[in-house]
Amino acid sequence: MQNLVTPQALPELPTTPDALLKMLETARITFDLHHHAPIFTVAEGEHLKKTIPGTHCRNLFVRDKKGVMFLVVAANETLIDLKKLQETLGCGRLSFGSPERLWQYLGIRPGSVCPFCIINDKDNQVSLILDAAMMEADIVNYHPLDNAMTIGLKPEALLAFFDLIGRDYRILELPA
């Protein structure tokens, strides 16, 4: 028999979507909120492009062989070669972080990873990397800690959020 975890058994997120949205509103960071069925992959969310304007984005939580961790946020259209990415980042061989590591360092579950979850990295152990092409868009779209919602905002508003929480980031040309 399979051991199923019910939603009631999952721990509460360290930062809830409601808390994030309230923080953005309080800081006067403008965004548009869209509700939809939960999506877990870029392919599952492809239909959202028809109703939610802007550049839709994805997030890669990776680590190198020494345990150095990165959250790479890129436009869905940006092709990323992990071998070239490790050269760009100046790190060792990259692999994807486990769901347990994702929860431990970013306080988020698979499927809801977004740039906003960096708020939960209180010890600054995850380096935040932003796709330069994505940052040139008029509007960028991310889950606000919940994969049943998407928020669209200007790239400058995203950077204002990072400034608000005192978080460093790097904007890089990501190698295809």
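The structure this text deals with has already been given above.
This one's a predicted model, so the numbers in the text were calculated from it and none came from an experiment.

Definitions and cut-offs
- Residues numbered from 1 in each chain as written.
- Predicted model: local features only at pLDDT ≥ 70, side-chain atom pairs only at ≥ 80, totals over all residues.
- Heavy atoms only, no water.
- Core = buried A, V, L, I, M, F, W, Y, C linked by side-chain atoms within 4.5 Å.
- Buried < 20%, exposed > 50% of the residue type's maximum accessible area, 1.4 Å probe, protein only.
- Helix = DSSP H or I, 4+ residues; strand = E, 2+ residues; numbered from the N terminus.
- Contact = heavy atoms within 4.5 Å.
- Salt bridge = Lys/Arg side-chain N within 4 Å of Asp/Glu carboxyl O.

L71, L106, F116, M134, Y142 and L153 are the most contacted members of the largest nonpolar core, which has 38 residues in total. Per-element tally for this core: the top contributor is helix α5 (residues 155-164), with 5 residues. Ignoring any residue separated from it by four or fewer positions in sequence, one finds L106 in contact with F61, L71, R101, C117, I118, N120, D121 and V126. One finds L60, V72, I129 and L172 within the second-largest nonpolar core, a separate group that totals 12 residues.

Turning our eyes to something else, we now look at the pattern of salt bridges. In total, this model carries 3 salt bridges according to the counting rule given. Between K49 and E77 there is a salt bridge, and its shortest N-O distance comes to 2.8 Å. Residue K49 is located in the loop between β1 (32-35) and β2 (55-64), and its partner E77 is located in the loop between β3 (69-75) and α2 (82-89); the two are separated by 28 residues in the primary sequence. Residue class for K49 comes out partly exposed when judged on its relative accessible area of 31%. The salt bridge partner of R167 is D121, with a shortest N-O separation of 3.0 Å. Here D121 lies in the loop between α3 (99-106) and β5 (126-131) and R167 lies in the loop between α5 and β8 (170-172), a separation of 46 residues in the sequence. For D121, a relative accessible area of 4% gives the class buried. In the salt-bridge network here, residues are joined through shared partners; they are E46, K49 and E77.

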